[in-house]
Amino acid sequence: MPDARRRIPRTDALLRDPRLLDATGRLGPERVKSAVRRAQQQAREGAVPPDAVADAAVALLPRTASGLRPVINATGVLLHTNLGRAPLSAAARQAVQDAAGPTDVELDLTTGVRARRGRTALAALRARVPSAEAVHVVNNGAAALVLAATALAAGKEIVVSRGEMVEIGDGFRLPDLLVSTGARLREVGTTNRTTVQDYAGAIGPETGFVLKVHPSNFRITGFTRAADVGELAPLGVPVVADIGSGLPAPHPRLPDEPDARSQLEAGASLVTASGDKLLGGPQCGLVLGREDLVRAMSRHPLARALRVDKLTLAALEATLTGPKTPTEQALDADPE
Ligand SMILES: *Cc1c(COP(=O)(O)O)cnc(C)c1O
């Protein structure tokens, strides 16, 4: 045993193994040294022969340089929040790779002058939903709502149905999120029934906007009634529709899922949504609709704190302009 222990290769010798040298470049020295130390420990315990310590260290190396491990989503749930929601298309993955180094995200290379951040991604989003006069992108769907509430209703009222006071998951409640901006909630109707008259009776000089929230993770059935965007649009105040899923246009397999185009055509002033649900793109929050309202949001100081990075912009644009996303393909797949 003492002999075997003496024959365990030293760390510096092990680190000269070509496989471990290569891994140091990919994963960083700390991860490789940690694998080496654990392999040496296994050898001291007699679990690994001294001449196999390098092999053991290689086997102990993590696959990636982060703690996020690639997994196969075999849950049957297409968009699984705990598994990172929408998987990116090959085009989006490539775009992320291409944008990873220095890139012209905010510079016009022909004039050398600063240019609008993410202009091509924003143009692609506009082109995908032509009924939107203007668009803006933030970090996630919740951020889109927070920015709308802050820029359009701080110190004012957001009129919302009691049937749409939603918890989106992990304890996050939209009403709490909205109130945190300094806006006041003006609840109307009841859990199961809210009419357009309920909204009309609550609208006044204090109103910032009317909010419609898609109940994307629960269902109220039976004796129910809700006012849709088309009925609310004539009330004379902005109607913000949080559709959640980010479907740009109607999808034949999802007849009950609201989409951005239909909501805008029905009269919504703004639509907010996530980019990493049915759109099949990276995590981000989409804002689409009236030019003056989108501008008020994108020029609000808070917008800077919610802005997306170049990798997100790259992945979003490639998702919008590229081939069918893995999410769309999965939706189209024959269950058999
Ligand atoms: C998912 C969802 C949100 C939150 O979007 P995130 O991108 O997760 O922040 C808000 N509203 C609705 C209706 C949703 O479905």
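Everything quoted here is computed from the prediction, not taken from an experiment.

(A) Expanded view of the pairing of strand S4 (residues 157–161). The buried count for S4 comes to five of five residues, which makes it a mostly enclosed element. Every second residue of S4 is oriented toward a common face, with Glu157, Val159 and Ser161 on one face and Ile158 and Val160 on the other, all of them buried. Pairing of S4 with strand S7 (residues 184–188) involves five bridges; the strand directions are parallel. Residue pairing across strands places Val160 opposite Glu187, the latter belonging to S7. Relative to strand S8 (residues 207–213), S4 is paired through four bridges, and the arrangement is parallel. Looking at the pairing, Glu157 lines up with Thr207 of S8.

(B) Highlighting the environment of Thr81. As for its placement among the helices and strands, Thr81 is situated in the loop between helix H5 (53–60) and helix H6 (90–99). Residues Thr81 and Glu265, spaced 184 residues apart in sequence, show a C-alpha to C-alpha distance of 30 Å. Reaching out from Thr81, the side chain makes a polar contact with the side chain of Arg85 at a distance of 3.4 Å.

(C) Summary view of the site of the ligand. Contacts to the ligand come from Arg85, Asn140, Gly141, Ala142, Ile168, His214, Ser216, Asp242, Gly244, Ser274 and Lys277. In this structure, an oxygen atom belonging to the ligand sits 2.8 Å away from a main-chain N or O atom of Ala142. Side-chain polar atom of Ser274 to an oxygen atom of the ligand: 2.7 Å apart, as the coordinates give it. For the ligand, whose free accessible area comes to 380 Å², the fraction covered by protein is 91%. Listed by contribution, the elements that provide at least two residues to the shell around the ligand are helix H8 (141–153) and strand S9 (239–244). Of the residues contributing to the shell around the ligand, the split by class is two nonpolar, six polar and three charged.

(D) Representation of the nonpolar core within the structure. Within the largest apolar cluster, 35 residues are counted, with the highest numbers of intra-cluster contacts made by Val137, Val271, Leu286 and Leu288. Leaving out residues up to four positions away in the same chain, Val137 has contacts with Leu122, Leu125, Cys284, Gly285, Leu286, Val308 and Leu316. Ala134, Ile158, Val166 and Val294 belong to the second-largest nonpolar core, a separate cluster that totals 27 residues.

(E) Molecular detail of the pattern of salt bridges. Applying the stated criterion across every chain yields a total of 15 salt bridges. A salt bridge links Arg307 to Glu106; its shortest N-O distance comes to 3.5 Å. Taken as a pair, Arg307 in the loop between helix H14 (302–305) and helix H15 (310–321) and Glu106 in the loop between H6 and strand S1 (107–108) lie far apart in primary sequence, 201 residues in all. Note that Glu164 is salt-bridged to Lys212, the shortest N-O span being 2.8 Å. Note that Glu164 is positioned in the loop between S4 and strand S5 (167–169) and Lys212 in strand S8, a separation of 48 residues in sequence. Within the structure, one salt-bridge network assembled from shared partners comprises Glu106, Arg114, Arg117 and Arg307.

(F) The pairing of strand S10 (residues 270–274), seen in detail. Taken across its five residues, S10 has five buried, putting it largely inside the fold. Burial along S10 is two-sided: the residues Leu270, Thr272 and Ser274 and Val271 and Ala273 are all buried. Across four bridges, S9 lies against S10 in parallel orientation. Across the sheet, the residue bridging to Asp242 is Thr272, located in S10. With helix H12 (residues 260–265) bridging S9 and its parallel neighbour S10, the resulting β-α-β unit is right-handed.

(G) Representation of the domain arrangement of the protein within the structure. Along its sequence, the protein is organised into domain 1 (4–60) and domain 2 (81–332). Placing a centre on the C-alpha atoms of domain 1 and another on those of domain 2 gives a separation of 50 Å.

(H) Seen up close, unusual backbone geometry. Within the chain, Arg85 stands out as a residue other than glycine whose phi angle is a positive 55 degrees. In this structure, Arg85 sits in the loop between H5 and H6. Take Arg85: its relative accessible area is 24%, and that puts it in the partly exposed class. Here Asp170, not a glycine, exhibits a phi torsion of approximately 55 degrees, which is positive. Along the chain, the position of Asp170 falls in the loop between S5 and strand S6 (172–173).

(I) Looking closely at the environment of Ala148. Residue placement: Ala148 occurs in helix H8. Those residues in contact with Ala148 that sit more than four places away from it in its chain are Ala153, Phe209 and Met297.

(J) Quick look at the sheet that holds S4. Strand order in this open sheet of seven strands is S3-S11-S10-S9-S8-S4-S7, and the pairing throughout is mixed. Both edges of this open sheet fall to strand S3 (134–138) and S7, since each of them pairs with a single strand only. Going from strand to strand, the sheet's axes swing by 25 degrees on average, the running direction of each strand aside. When S8 meets S9, the two strands line up parallel, connected through four bridges. Along S9, the bridge assignment pairs Val210 with Val239. Packed on one face of the sheet, helix H7 (residues 119–128) meets S3 and strand S11 (285–289) and runs near 125 degrees to S3. Packed onto the sheet, H8 meets S3, S4, S8, S9, S10 and S11 and runs at close to 160 degrees relative to S8.

Rules used in this analysis
- Residues numbered from 1 in each chain as written.
- Predicted model: local features only at pLDDT ≥ 70, side-chain atom pairs only at ≥ 80, totals over all residues.
- Heavy atoms only, no water.
- Buried < 20%, exposed > 50% of the residue type's maximum accessible area, 1.4 Å probe, protein only.
- Helix = DSSP H or I, 4+ residues; strand = E, 2+ residues; numbered from the N terminus.
- Pairing = 2+ DSSP bridges.
- Polar contact = N/O pair within 3.5 Å; in protein donor to acceptor, adjacent residues only side chain to side chain.
- Near = heavy atom within 4 Å.
- Areas by Shrake-Rupley, 256 points an atom, 1.4 Å probe, with all protein chains shown as cover.
- Nonpolar A, V, L, I, M, F, W, Y, C, P; charged D, E, K, R; others polar.
- Core = buried A, V, L, I, M, F, W, Y, C linked by side-chain atoms within 4.5 Å.
- Contact = heavy atoms within 4.5 Å.
- Salt bridge = Lys/Arg side-chain N within 4 Å of Asp/Glu carboxyl O.
- Right-handed = clockwise from strand over helix to strand, strands pointing away.
- Domains from an automatic or database assignment.
- Axes fitted to C-alpha atoms, helices over the stretch in contact; angles between N-to-C directions.

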